[in-house]
Amino acid sequence: MGYSQNKKLEKVYAARSDAARRKAYDDWSEDYDKDVSEFGIQLPYVGAAVFSRHIPLGAGPFLDAGCGTGMHSLPLKLMGYDGFTGIDLSEGMLAIAKKRGIYDDLRQMALGSKLDFSDNQFAVTYSIGCLAPGNAPPNSLDEFIRVTKPDGLIIWSTHGHINSQTQLYHDHRQLLTDAGKWTLEFETDPFVSMPNGDQNIKHAVYVYRVI
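What comes next is a walk through the structure. (Residues numbered from 1 in each chain as written. Predicted model: local features only at pLDDT ≥ 70, side-chain atom pairs only at ≥ 80, totals over all residues. Heavy atoms only, no water.)

## Thoughts on the overall build of the protein
For clarity, the threshold we go by: Here a helix means four or more residues in a row that DSSP labels H or I, a strand means two or more in a row labelled E, and each is numbered from the N terminus. Each radius of gyration reported is based on C-alpha atoms, and the globular scaling rule is 2.2 Å times the count of residues to the power 0.38. Working rule for contacts: check all heavy atoms of both residues, and any pair within 4.5 Å makes them a contact. The positive count covers Lys and Arg only, the negative count covers Asp and Glu only, and His and the chain ends enter neither. The atoms used to mark charge sites are NZ of Lys, CZ of Arg, CG of Asp and CD of Glu.
The helix and strand inventory of the protein stands at seven helices and eight strands. Taken over C-alpha atoms, the radius of gyration comes to 16 Å for the protein, in line with the 17 Å a tight globule of 211 residues would show. For the protein, the spread of C-alpha atoms along the principal axes amounts to about 40 × 40 × 30 Å. For the protein, the share of sequence-separated contacts (at least 6 apart) that also reach a separation of at least 24 residues comes to 70%. Seen as two clouds, the 21 positive and the 26 negative side-chain charges of the protein have centres 2 Å apart.

This is how it looks when you write it as structure tokens:
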């Protein structure tokens with residue numbers, strides 16, 4: 001049995017390697033915004049609301065980790081935030097993001113591997129919709145902490161419904177808390193993130209402060 005009954009979502013969630021994820025998103029890139037909008041995606045709005053509650057204007061630089069088409073940072077850019085660097089695994093998704101004019105820099109990188117940035121480079125790391133089964137693995141959070149400045153924030157989402165696959169993300173965030181790497185500042189309740197795409201998939205958005 002697959003992770004999602006939605007065929008387009010399942011193609012992504014079923015990926016088990018960076019190569020498979022890259023191909024899935026490259027193939028989807030031209031239709032991605034249209035499709036997830038039809039799914040009723042809530043993450044860009046919730047993510048931007050959480051970001052703007054915690055981050056003042058001019059507080060960059062910001063890393064959009066797993067930026068996709070730029071959908072999640074677009075509302076932030078429109079609200080006056082700037083200083084965005086975007087990274088994504090998919091060349092196709094990065095090509096769409098480039099057209100939006102949001103980012104000072106866009107680079108192809110795989111989450112879960114060592115990122116090509118120096119320690120403490122960003123004031124905030126923002127990763128919405130990426131850390132989930134078939135997408136970025138839980139250990140992506142380790143690199144987010146490394147590249148974010150001490151006392152900086154990491155704002156990210158993962159699936160809020162708990163099963164054997166999603167539990168790994170919650171176990172890892174607790175592991176980092178227990179290790180004194182970060183502290184929890186805020187979290188949303190789990191919410192149905194794509195009500196017209198899959199009613200069973202919930203997300204929650206978290207804000208952690210790097211120690």
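## Quick word on the pattern of salt bridges
Basically, it comes down to this: A carboxyl oxygen of Asp or Glu within 4 Å of a side-chain nitrogen of Lys or Arg is what we treat as a salt bridge. Exposure classes here rest on a 1.4 Å probe applied to the protein chains alone. A residue is buried below 20% of its type maximum, exposed above 50%, and partly exposed in between.
In this structure the tally under the stated criterion is eight salt bridges. Residue R100 pairs with D33 through a salt bridge whose shortest N-O separation is 2.9 Å. With a gap of 67 residues between them, R100 in helix 5 (residues 91-100) and D33 in helix 2 (residues 18-38) connect regions that are remote in the sequence. By relative accessible area, which is 29% here, R100 ends up partly exposed. Among the ionic pairs, R146 bridges to D119, the shortest N-O distance being 2.7 Å. With R146 in helix 6 (residues 140-147) and D119 in the loop between strand 3 (105-108) and strand 4 (122-131), this pair connects stretches of sequence that are 27 residues apart. Residue D119 is classed as partly exposed on the basis of its relative accessible area, which comes to 48%. When salt bridges with common partners are traced through the structure, they connect D105, R107 and D116 into a single cluster.

## Quick word on the packing of aromatic side chains
When we look at a pair of aromatic rings, we describe it by the centre distance and by the angle of the planes. As a reminder, the rule being used: Pairs were defined over the aromatic rings of Phe, Tyr and Trp, the Trp ring being its six-membered one, requiring ring centres within 6.5 Å. Orientation was assigned from the angle between planes: stacked under 30 degrees, edge-to-face over 60, tilted for the rest.
In total, this model carries 11 aromatic pairs according to the counting rule given. Arranged with centres 5.1 Å apart and planes meeting at 75°, the rings of F51 and Y126 form a pair that is edge-to-face. Highlighted residues: F51 in helix 3 (residues 43-54) and Y126 in strand 4, separated in sequence by 75 residues. With relative accessibility at 0%, the residue F51 sits in the buried group.

## A short note on the environment of L43
Inspection of the secondary structure puts L43 in helix 3. Here L43 falls in the buried class, since its relative accessible area comes to 4%.

## With respect to the pairing of strand 1 (residues 62-65)
What counts here: Paired strands are those between which DSSP finds at least two bridges.
Burial along strand 1 is two-sided: F62 and D64 facing one way and L63 and A65 facing the other are all buried. Sheet topology note: the strand 1/strand 2 (residues 84-88) ladder contains four bridges and is parallel. Counted as the bridge partner of A65 is I87 from strand 2. As paired strands, strand 1 and strand 4 are joined by three bridges and run parallel to one another. Directly across from D64, in strand 4, lies its bridge partner Y126.

## Some details on the side chain of T69
Structurally, the position occupied by T69 is in the loop between strand 1 and helix 4 (74-78). Residues within four places of T69 in sequence aside, it is in contact with S29, Y32, D33, M93, I96, A97 and R100.

## Focus: the pairing of strand 3
The side chains of a regular strand alternate between the sheet's two faces. Applied cut-off: Assignment of crossover handedness uses the view with strands pointing away from the viewer, where a clockwise path from the first strand over the helix to the second indicates a right-handed crossover.
With four bridges joining them, strand 2 and strand 3 adopt parallel strand pairing. Within strand 3, the position partnered with D88 by the bridge is Q108. Note that the unit made of strand 2, helix 5 and strand 3 has a crossover that is right-handed.

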